[in-house]
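# Residue-level structural notes
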Amino acid sequence: KAKKYAHNEVAINQAREMAEGNAVLEQTLLDSISKARERYYLDSMSNETVYNILVRKYTYQEVKERELNLGLDLKGGMNVTLEVSVVDIVRALAGDKDNPVFTQAIDLAIEKQKNSQEDFVTLFGQSFKEVDPNASLAAIFNSVELKDRINFNSTNDQVLKVIREETKGAIDRTFNILRTRIDRFGVAQPNIQQLQTAGRILVELPGIKEPERVRKLLQGTAQLEFWETYQFPELVRYFEDANKRLAAEESQAKQTDTTAMAQAGEVPVEVNQPTIDTNALAQADTSASSLLDKISDSTAMDESSASFEKYAKENPLFAYLNPAIFPNAQGQYYPGEGATVGFAAIKDTARVNRMLKQVKNIFPRDLKLMWTVKPEKDRPNILDLIALKVTSRDGEAPLGGDAVSDARQDYDQNGRVEITMMMNSEGAKTWKRLTSENIGKQIAIVLDNYVYSAPRVNTEIPNGRSSITGNFSVEEALDLANILKAGKLPAPAHIVQEEIVGPSLGRESINSGLASFIIAFVLVLIYMVLYYNRAGWVADLALVTNIFFIFGVLTSLGAVLTLPGIAGIVLTLGMAVDANVIIYERIREEIRAGKGIRLALTDGYKNAYSAIIDGNVTTLLTGIVLYIFGSGPVQGFATTLIIGIITSLFTAIFISRIIFENLLSKNKNVTFDNQYTRDAFSNINFNFIAMRKKFYIASGILIVIGVISLATKGLNYGVDFTGGRTYVVRFDKPVSTNDIREALQEPFEAAPEVKTFGSSNQVKITTKYLIDQDTPQSDSIVEATMFNGLKDFYSTPMTLKDFTADDDAKILGRLSSQKVGPTIADDIKKGAFMAVFFALIIIFIYIAIRFKRWQFGMGGLLSLTHDTLIALSLYSIFSGILPFNLEVDQAFIAALLTIIGYSINDTVVIFDRIREYVGLYPKRPIEENMNNSMNSTLGRTFNTSGTTLVVLLAIFVFGGEVIRGFVFALMVGIAAGTYSSLFIASPLAYDFIQLTNKRKKEKTEIKKRGK
């Protein structure tokens, strides 16, 4: 009640006194009051201008919409992947649902789907043919609803095509309904999108604290209804009475508040809702002037003026619900003819609902009030309140969505947009009665308790075919047609993957992510200045600019920043250094060749372009593949990586060049080294080609050991690849993972996987218990079972509500959870394999074309395979040995692809120098040109790899437990990639070139002998 009356100081004081002695309850009450006040204030500010820039003004709402979105791991919330039940859609389409061949084919298709990537309709077609090759689908699906598209002569392929089209339409309609529901749920910056897999919908709800409510909201079927309506003139006196009653109650409440404030020291036992003074109410009824007499004065009032406050005291309801009363030609006000009883700002609808509920006994019992789903174009932020009439004994709508057989957008004879709607036979009878009894009145079309349209009935409709006209755009008509069709098919959506991150874990992730970001950034800035002197400051300025660009682009795109995304940004910083290093090393070479600073700068940039572009394009291709085949956090990582590569190219090539030109134009001294770094890596002459076989053997030994470990020990697959539920749980004391495993073995019917996650009082629990059950209750059952098994491990008494609650102030209990169904686990594995495969193929093709020799492409491909095997081998060897998580999941695949992109970037720089040396010195032996190329790029290799590894080390140490395994894979991969670029890729390319030359020579000799 204190939360309800957050504006009432007396109620707040009473709540504080009632909670005295209970610090937790007192703080909870005060927090609720504070949050209620904050929400009310922010709602009232939504349309206020809060930011001006040049000629553009931004309201608070617009500023909020443009802020950088934080992912679930940073903000806490819920990530859900839903799968629309195509099985139910196919069953609903069938006319003969009891046909034994049909039911057997459905059951067989369901069984096949568990281990197949094909869509359900295809599997159903295959199963139907297996059950009875001679059976006809047309005989089963030749229903009244599909008679225009399926007849008895239709082939099975034609029927399957229709089923597939209807299924796709049902999925699209389900998506639209879910989007509307989520918008109504009030979540800030929700994200909903259809995935590439048919029937899959991704929903991200940051900051959500009611997972159970969300599950019910997302998995419920659409409730489409047709309701008769009241006319406002029939109800106007009830609203007048309600307005007077509320005014009397408020007056009485103020008297109660004044009395309570005068009674100093008296502590009430209970905070009661104020009682109604019947004398005051009678006085208000007689003294208050009629609404119609003073409506002209109230409609012109400005809400911010003092007159509004006075009006709101006398008319609490009509101050926020503007009644549907309009002037005639003589200026007299009359209730509007229609079902609309009033209008209210979106931010005031909750207040109006509360007031109407408070006086609901005044209104007729057969009255239902519902808001329209969205504002009219000419009245933004304003919703209509529609009066519905209950005419059935059970309180249900006279006609439901299952009566609609089809609906589509069309045009009338005058070219105006309309919606054509068809009813089935039973629906047509009810529709005939409804339309005949409501000529001249409106019938409201309601979906999920919101009015989508309320067309007026012009005449009786006897055949079930109707036309809905109005001021529709084509898009609005299409939307309404989709809504009408949504009620035709039951298309429930089941949760197949779910992740809940508690805000406490989110705060820790933010702190660790920011710490790693700042430390890595500072280290890179310091290193560049120490190594490159004044030019290092220019590179630092370009890096700082790059950070602004990355965050600006992320915000403009509406992208979501996740913890892997922060890792992507930090890794981008390390890779952004690479472009500067390549340029600076080329400039230093030109200076050592005796050129002046201006000419060295020009030639250095010109000679560095090809290496920079080739290296970044290959990494960019890897990021694109990662974005296409990844999902969730992996896509977040790929997004920041792609943006970072593009912006770093711009800042390194363009901005740094402008700064240098400006410095030189002012005759400023520009230096690219100091006395310690001037000749670094300039006099090295290592024979890489001659030593290649030794490095082949060393790599081969390590890979063989890894393959043996993979064959015997295997990999520790995460829940992404196996399916199951994962929970991160925090206790109030250190716990033993063995004890927890034993405690949960019996209730979970099998021993779960239990690992320490970070500190010794925090564990990660993975189980497959009830994972095959798609019921909404299964998640709650698993959580309750886990709590009963773990509650004895807490010193502090815990309840199930405390254990599962997602609260900002939460310290103990379930911090986060993730659920992946068996079907989506198969899809993730397939996507991961395809991502790695296509990344390797695309890079091979690009290098082969760019360098005009397939030998370079093959050398690069084999070196990338080498790096991938090294990373997999070390993950297998050290799994269970190192004190952090080494699970193979989506994040590991992201790391693997990043390794591929980074390694090929390093390799391409060397290949580019080889191409340059071969062009400059074509008569030199190929091995000499290769050795000279690799030696001349050692400075760049050392600096780039060194700074990147330092960056990754900072993330590894300070980035938190969540991404430690991910960063370990990156560190291993960067080290392996640097090694393979020098000792594997180029030597292999040399061997392939030699082999090709040898074969050409042999063919030439054979031809000579033949002659």
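Residues numbered from 1 in each chain as written. Predicted model: local features only at pLDDT ≥ 70, side-chain atom pairs only at ≥ 80, totals over all residues. Heavy atoms only, no water.

## Structural notes on the overall build of the protein
Rules: Comment: elements are numbered from the N terminus, with helices defined as DSSP H or I runs of at least four residues and strands as E runs of at least two. Think of it in three bands: with a 1.4 Å probe and only protein chains considered, a residue is buried below 20% of the maximum accessible area for its type, exposed above 50%, and partly exposed in between. Exposure was quantified through the Shrake-Rupley algorithm and a 1.4 Å probe, taking into account, for residues, occlusion by the shown protein chains and nothing else.
When its secondary structure is counted, the protein shows 33 helices and 25 strands. Counting the 1011 residues in the protein, one finds 52% classified as buried. By element, 55% of the accessible surface of the protein is carried by carbon and sulfur atoms, the whole surface being about 47,700 Å².

## Things to note about the sheet that holds strand S19 (residues 465-469)
Going by this rule: One bridge is not enough; two strands pair if DSSP finds at least two bridges between them. Lines are fitted to the C-alpha atoms to define the axes, a helix being fitted only along its stretch in contact, and any angle between axes, read from their N-to-C directions, falls within 0 to 180 degrees.
What the 3 strands build is an open sheet, ordered S15-S16-S19; its pairing is antiparallel. The two strands at the open ends of the sheet, each matched to only one other strand, are strand S15 (404-411) and S19. Sheet twist, expressed as the average angle between the axes of neighbouring strands with direction ignored, equals 20°. Summarising the sheet, strand S16 (residues 417-423) and S19 pair through 5 bridges and their orientation is antiparallel. Within S19, the position partnered with Thr 420 by the bridge is Ser 467.

## Digging into helix H7 (residues 120-131)
Keep this limit in mind: A helix is expected to span 1.5 Å multiplied by its residue count minus one.
Look at H7: 16 Å from first C-alpha to last across 12 residues, which is about the 16 Å you get at 1.5 Å a residue. What H7 keeps buried is the set Phe 120, Val 121, Leu 123, Phe 124, Gly 125, Ser 127 and Phe 128.

## So, unusual backbone geometry
Excluding glycine, a negative phi dihedral is what most residues carry, and trans is how most peptide bonds are arranged. The backbone of Asn 533 shows a phi angle near 60°, a positive value even though the residue is not glycine. Positionally, Asn 533 belongs in the loop between helix H18 (503-532) and helix H19 (534-557). We classify Asn 533 as partly exposed; its relative accessible area is 30%. Despite not being glycine, Asn 667 shows a phi value in the positive range, around 60°.

## Re the packing of aromatic side chains
To keep it simple, the criterion reads: Two aromatic rings from Phe, Tyr or Trp, using only the six-membered ring of Trp, form a pair when their centres are within 6.5 Å; if the ring planes differ by under 30 degrees the pair is stacked, by over 60 it is edge-to-face, and anything between is tilted. Comment: the charge-over-ring label is applied if NZ (Lys) or CZ (Arg) is within 6 Å of the ring centre and within 35 degrees of the ring normal.
Counted under the stated rule, the structure contains 30 aromatic pairs. Here the aromatic residues Tyr 527, Tyr 531, Tyr 532, Tyr 584, Phe 660 and Phe 672 are joined through ring pairs into a cluster of three or more. Positioned over the ring face of Tyr 320 is Arg 351, at 4.2 Å from the centre of the ring. Positioned over the ring face of Tyr 605 is Arg 657, at 4.8 Å from the centre of the ring.

## Concerning the pairing of strand S24 (residues 762-767)
Taking burial as the measure, the 6 residues of S24 include 6 buried ones, the bulk of the element. Pairing geometry for strand S22 (residues 724-730) and S24, over 6 bridges, is antiparallel. Counterpart to Val 729 in the pairing with S24 is Val 763. Relative to S24, strand S23 (residues 753-756) is paired through 4 bridges, and the arrangement is antiparallel. Among the inter-strand pairings, Thr 756 is bridged to a residue of S24, identified as Val 763.

## So, the side chain of Thr 640
For clarity, the cut-off: The contact criterion used throughout is that any non-hydrogen atoms of two residues lie within 4.5 Å.
Position of Thr 640 among the secondary structure elements: in helix H22 (residues 633-665). Residue Thr 640 is classed as buried on the basis of its relative accessible area, which comes to 1%. In contact with Thr 640, other than residues within four places in its own chain, are Leu 554, Leu 561, Gly 565, Gly 568, Ile 569 and Thr 572.

## Section: the nonpolar core
Nonpolar side chains tend to gather and get buried jointly when the protein is soluble and globular. Stated formally: Nonpolar core, defined: a set of buried Ala, Val, Leu, Ile, Met, Phe, Trp, Tyr and Cys residues in which side-chain atoms within 4.5 Å join the residues together.
Ranked by size, the top nonpolar core spans 113 residues in total, and within it Tyr 584, Phe 660, Ile 847, Phe 856 and Met 930 carry the most contacts. Of all the elements, helix H30 (residues 890-920) adds the most residues to this core, at 15 residues. With sequence-adjacent residues up to four places away left out, Phe 660 is seen in contact with Ala 535, Val 538, Tyr 584, Leu 601, Tyr 605, Val 670 and Phe 672. Counting 45 residues, the second-largest nonpolar core is a separate cluster that includes Ala 94, Phe 141, Val 162 and Phe 175.

## Details of the pattern of salt bridges
Any two side chains of opposite charge can pair, on the condition that their charged atoms come close. Inclusion rule: Throughout this description, the term salt bridge denotes a Lys or Arg side-chain nitrogen within 4 Å of a carboxyl oxygen of Asp or Glu.
Counted according to the given criterion, the structure contains 17 salt bridges. Across the pair Glu 166 and Arg 149 runs a salt bridge, and its minimum N-O distance is 2.4 Å. Of the two residues, Glu 166 sits in helix H9 (residues 156-185) while Arg 149 sits in the loop between helix H8 (137-141) and H9, which places them 17 residues apart along the sequence. For Glu 166, a relative accessible area of 8% gives the class buried.

## Points about helix H16 (residues 425-437)
How we decide: Our arc is simply the arc of the directions from the helix axis toward the C-beta atoms.
If you check H16, its first and last C-alpha atoms are 19 Å apart, about what 13 residues at 1.5 Å a residue would give, namely 18 Å. All buried positions along H16 are accounted for by Gly 427, Ala 428, Trp 431, Leu 434 and Thr 435. An end-on view of H16 places all buried positions within 130° of arc, on one side of the element. Turned more than 90 degrees from where H16 packs its buried face, Ser 425, Glu 426 and Lys 429 sit exposed. Tucked into the core, H16 has its buried residues touching strand S7 (224-229), strand S14 (399-400), S16, strand S17 (443-447) and S19.

## Regarding the packing of helix H6 (residues 100-113) against H7
Applicable threshold: Note that the term roughly parallel is reserved for angles under 35 degrees, roughly antiparallel for angles over 145, roughly perpendicular for angles of 65 to 115, and oblique for everything else. The hand of a helix crossing depends on one turn: near helix anticlockwise from the far one by less than a right angle means left-handed, and clockwise means right-handed.
As a packed pair, H6 and H7 sit with axes 8 Å apart at the nearest point and diverge in direction by 130°. Judged by the angle between their axes, H6 and H7 are oblique. The hand of the H6/H7 crossing is right-handed. Residues Val 101, Phe 102, Gln 104, Ala 105, Ile 106, Leu 108, Ala 109, Ile 110, Lys 112 and Gln 113 of H6 pack against Phe 120, Leu 123, Phe 124, Gln 126, Ser 127, Phe 128, Glu 130 and Val 131 of H7.

## Remarks on the pairing of strand S4 (residues 77-84)
For S4, the buried fraction is high: 8 of the 8 residues fall into the buried class. Neither face of S4 is exposed, since Gly 77, Asn 79, Thr 81 and Glu 83 on one face and Met 78, Val 80, Leu 82 and Val 84 on the opposite face are all buried. The pairing of S4 with strand S6 (residues 200-206) spans 7 bridges and is classified as antiparallel. Along S6, the bridge assignment pairs Asn 79 with Glu 204.

## A closer look at the packing of helix H25 (residues 737-745) against helix H26 (residues 777-790)
Note the cut-off: For this scheme, ten residues count as nonpolar: Ala, Val, Leu, Ile, Met, Phe, Trp, Tyr, Cys and Pro. Four count as charged, namely Asp, Glu, Lys and Arg, and the remainder, Gly too, count as polar.
At a closest axis distance of 9 Å, the pairing of H25 and H26 adopts a crossing angle of 125°. Considering their axes alone, H25 and H26 lie oblique with respect to each other. Crossing of H25 against H26: the hand is right-handed. Across from Ile 740, Ala 743 and Leu 744 in H25, the residues of H26 making contact are Met 786, Gly 789 and Leu 790. Residue composition of the contact of H25 with H26, by class: 5 nonpolar, 1 polar and no charged.

## A few points about a nonpolar patch on the surface
Where we set the bar: What makes a patch is a set of residues exposed beyond 30% relative accessible area and free of salt bridges, joined within 9 Å when like-charged and within 5 Å when nonpolar (Val, Leu, Ile, Met, Phe, Trp, Tyr).
Residues Phe 833, Phe 837, Phe 838, Ile 841, Ile 842, Ile 845 and Ile 849 make up a contiguous nonpolar surface patch of roughly 650 Å² in combined accessible area. By secondary structure assignment, the location of Ile 845 is in helix H28 (residues 822-850).

## Considering the environment of Arg 725
Along the chain, Arg 725 turns up in strand S22. For the pair formed by Arg 725 and Tyr 769, sequence separation is 44 residues and the distance between their alpha carbons is 7.9 Å.

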